[in-house]
Amino acid sequence: MIPGLATEICPAGEASVASAARVLATGGLVAFPTETVYGLGADATNPAAVARIYEAKGRPAFNPLISHVADLAAARRIGVFDTTATALAAAFWPGPLTLVLPKTWDCAVSDLATSGLDTIAIRVPSHPVARAILTTFGRPVVAPSANISGHVSPTTAAHVQSDLVGRIEMIVDGGPVAVGVESTVVGCFDTPMLLRPGGVPRERIEAVLGCALAQPPRNAETDSAQPLAPGMLTSHYAPRARVRLEASAVEAGEVLLAFGPALPAGAAHAAAVMNLSTRGDLAEAATHLFGYLRALDATAARTIAVMPIPNEGLGEAINDRLRRAAVGRE
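Keep in mind that this is a model prediction, so the values were computed, not measured. (Residues numbered from 1 in each chain as written. Predicted model: local features only at pLDDT ≥ 70, side-chain atom pairs only at ≥ 80, totals over all residues. Heavy atoms only, no water.)

Visitor: Explanation requested: the environment of Pro33 in the structure shown.
Guide: Note that Pro33 resides in strand 2 (residues 30-33). Measuring from C-alpha to C-alpha, the distance between Pro33 and Ala74 comes to 20 Å, with 41 residues separating the pair along the chain. Apart from the residues lying within four places of it in its own chain, the contact partners of Pro33 are Tyr38, His127, Val129, Ala130, Val172 and Gly174. (Helix = DSSP H or I, 4+ residues; strand = E, 2+ residues; numbered from the N terminus. Contact = heavy atoms within 4.5 Å.)

Next comes the structure, spelled out in structure tokens:
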């Protein structure tokens, strides 16, 4: 909390977009919706503003941030596009795909935002509120998820408020987000690499590239090593409760995060049950994931039992987030 700082919460609209751009221009922090999750925005070219994001989130300073821009032209001013990056941008931008590229020689983004790496993570979001803010502001905006670092990511303005009120200047309330998991991150290296599964399934990206995405090195996902890209810390997205994965039965006192029409043994005696998708729809499950984790965590249960989820399509991203949530409380 910052003494005397009042967080303004405004409904999305022309007035709030203009106000958000003014706050960003003065080095302030603004939370706003993207199609994936709510982001916590700061002027990417202002080192002091970027430093405030790390402070507000309690985020490790070696974890790089994604720079959000309004269009491909703006992206080309800060990142070097090869044929792979150009093809992926054409196929998936605007949208939930982040590309990790070499910086341009005159890249205006603060070194603090890229954690001193010679690469930069860039995304062009599709959410109309995010696009309006970026267009009005006119400079790159770093926008990690608008939550305390390591907590469950926010998919509504209320989630942001519960974590960051009194720490940031403004929250733009655009309602619930559409995708519900963060962007897919692809490193446009000599061999394209899937650095983080997310809102664009691996299969769609590989169809565009005509080849399989490489996996990151084994030591790339540790809490002691510097990540290659945002969202790669082993412990991430963690509720206060322990998360028990692949649950085939519910134990006494547990709450259940379910998936599909058939519930496991003991579900009738669970302290609470929330079903990501009763019909087994992975897209629906993704939109509910973080909100349901937060709701179950609020019951004060010691353990959240999680049913198995297919590791295909958006299921890969969902399982990635659940594994990181589980590591956080082991």
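Having seen the model, we can carry on.
Visitor: Please clarify how the packing of aromatic side chains should be interpreted in this entry.
Guide: By convention here, two paired aromatic rings are described through the distance between centres and the angle between planes. Summed over the entire model, instances satisfying the criterion amount to one aromatic pair. Each ring, one from Phe81 and one from Trp93, has its centre 6.0 Å from the other, and the planes form 75 degrees; the classification is edge-to-face. Here Trp93 lies in the loop between helix 4 (83-92) and strand 5 (97-102) and Phe81 lies in the loop between helix 3 (72-76) and helix 4, a separation of 12 residues in the sequence. Taking NZ or CZ as reference, Arg76 lies 5.0 Å from the ring centre of Phe81, over its face. (Phe/Tyr/Trp six-rings, centres within 6.5 Å; stacked < 30°, edge-to-face > 60°. Lys NZ or Arg CZ within 6 Å of the ring centre and 35° of its normal.)

Visitor: I tried to follow the layout of surface pockets on my own but got confused; where do I start?
Guide: Leftover empty space is mapped by rolling, across the atoms, a probe with the size of a water molecule. When its volume is computed, the second largest pocket comes out at roughly 190 Å³. Contributing to the lining of the second largest pocket are 13 residues, with Ala74, Arg77, Gly138, Arg139 and Pro140 lying nearest its centre. (1 Å grid on protein atoms, 1.4 Å probe; cavity = no way out; pocket = protein on both sides within 12 Å on 5 of 7 lines; lining within 4 Å. Points joined across faces, edges and corners; volume = space filled by probe spheres on them.)

Visitor: Honestly, helix 1 (residues 14-25) in this entry has me stumped. Any pointers?
Guide: Each α-helix winds once per 3.6 residues, and so residues spaced three or four apart point in a common direction. For helix 1, with 12 residues, the first-to-last C-alpha span of 17 Å sits near the 16 Å given by 1.5 Å per residue. For helix 1, the complete set of buried residues consists of Ser16, Val17, Ser19, Ala20, Ala21, Val23 and Leu24. Contact partners of the buried residues in helix 1: strand 1 (8-11), strand 2, strand 3 (38-43), helix 5 (128-137), strand 7 (141-142) and strand 8 (170-173). Just downstream of helix 1 lies Gly27, where phi reads positive at about 85 degrees. (Expected span 1.5 Å × (residues − 1). Buried < 20%, exposed > 50% of the residue type's maximum accessible area, 1.4 Å probe, protein only.)

Visitor: Sorry, what's going on with the side chain of Arg294 here?
Guide: Here Arg294 is to be found in helix 8 (residues 282-297). We classify Arg294 as buried; its relative accessible area is 16%. There is a polar contact of 3.5 Å between the side chain of Arg294 and the side chain of Ser162. In this structure Arg294 touches Asn147, Val152, Ser153, Pro154, His159, Ser162 and Asp163, once residues within four positions along its chain are discounted. (Polar contact = N/O pair within 3.5 Å; in protein donor to acceptor, adjacent residues only side chain to side chain.)

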